[in-house]
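Chain by chain, the residues run as shown.
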Amino acid sequence: MRPLARAAGAATALAAALLVPVGTAQAHAPSGAIFTTLPDGSEVNFNHFPTKQDVYLDGGPGPGAPQDAAGLDDGTYVFQVTDPSGKVLLSTDPAACRQFTVSGGIITGVVDTTCEHVTGTDVDHNATTVQLFPFLDTPNNGGVHKVWVTTVEDFLLGCSQLGVANGLAVVDCGSTGGNRHGFIPAHSKTDNFKVGEKVIVEIDTRFNRWDTVGPLDGKKVTWTDTNGASNTKWSYYAPELYVFHEAHVEAVEVGVHKITVDHQPGCHVERVDVQNQHLTGPGTVSVRITNLNQEKTVFVDVLCS
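Anyway, here's the lowdown on the structure attached to this text.

Structural notes on the sheet that holds strand β3 (residues 56-60)
- Strand order in the open sheet formed by four strands is β1-β3-β8-β7, with antiparallel pairing between adjacent strands. The sheet is open, and its two borders are formed by β1 (33-37) and β7 (119-121), each paired with just one other strand. On average, each strand axis in the sheet is tilted by 35° relative to the strand beside it, whichever way the strands run.
- Across two bridges, β3 lies against strand β8 (residues 128-131) in antiparallel orientation. By the bridge assignment for β8, Leu57 is matched with Val130.

This is the structure:
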């Protein structure tokens, strides 16, 4: 592991050397999934972490994904931590310090900038995990934090749209409705987490066969958060984590979330049901979360043939 330096001046100088021409950016949401973990890649119940220093970023196909599922696209990425709306940037160091690399679909390291973040090793895939700290406490009443990930190219493009020539050199590029500190939601992946004991609010998707065979694991959904950023989740079974054959979206924020379910191996989607919505065939359903002060699980039920 590398110690976290706080020398913003050095980071700024290095960031200038790391500038990527924004004209080369190919804006898109990365494949695969990101997820918050402990330093060794272990999951924690409901994405609730004991302290801020315990929260690490991992990436790849995602928990419960089949062996042939896509990981993250290879390249160099940058992350940020915000409140769930994305309006309040909670990360406190220059963006240059928050870079990491992906190869073979998994995180392989951090970019050497003299202020890079502490790393760990994922015990499952020997991938690198990246500590999200330092970041501030969230102002959200439900205790929700949001981590965003995008490619460096797309981040620099986002910052240039906000009038910042080199976003890696600064802590905050600014924010507008469709551009959160250089992170454009449609080009970003997000995951939510909480620090300390908090109320549990989550969206769980369950897959079953029409002939009652099931539940089915290794099935994919795409979660689009209230900002329009997305992530991939897979159904799996981990009773020690209170995961019972579901694709979990945990620590969700107030607002309208979208769950997209497509035809996939082992599941020709016949029906999707949630909150009095009944969708025939594959597609997207909306899930409205109105309160973070009361424990709640919203179930999305998928019927497969």
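Some remarks on the pattern of salt bridges
- Scanning the model with the defined rule gives eight salt bridges in all.
- Lys146 is the partner of Glu253 in a salt bridge, and the nearest nitrogen-oxygen pair spans 3.2 Å. Of this pair, Glu253 sits in the loop between β17 (243-250) and β18 (255-261) while Lys146 sits in strand β9 (residues 144-151), and the two are 107 residues apart along the sequence.
- Here Arg206 and Asp301 are joined by a salt bridge, their closest N and O atoms 2.8 Å apart. Remark: Asp301 occurs in strand β22 (residues 296-304) and Arg206 occurs in strand β13 (residues 201-209); sequence separation between them is 95 residues.
- Residue Asp301 is classed as partly exposed on the basis of its relative accessible area, which comes to 26%.
- One connected set of salt bridges, linked through shared partners, spans Lys146, Asp225 and Glu253.

Some thoughts on the sheet that holds strand β20 (residues 277-280)
- Sheet architecture is open: six strands sit in the order β16-β17-β13-β22-β19-β20, paired in mixed fashion. Both edges of this open sheet fall to β16 (236-238) and β20, since each of them pairs with a single strand only. If you compare each strand with its neighbour and ignore which way they point, the axes differ by 35° on average.
- Note that β13 and β22 share nine bridges and pair parallel. Its bridge partner being in β22, Asp204 is matched across the sheet by Phe299.

Definitions and cut-offs
- Residues numbered from 1 in each chain as written.
- Predicted model: local features only at pLDDT ≥ 70, side-chain atom pairs only at ≥ 80, totals over all residues.
- Heavy atoms only, no water.
- Pairing = 2+ DSSP bridges.
- Helix = DSSP H or I, 4+ residues; strand = E, 2+ residues; numbered from the N terminus.
- Axes fitted to C-alpha atoms, helices over the stretch in contact; angles between N-to-C directions.
- Salt bridge = Lys/Arg side-chain N within 4 Å of Asp/Glu carboxyl O.
- Buried < 20%, exposed > 50% of the residue type's maximum accessible area, 1.4 Å probe, protein only.

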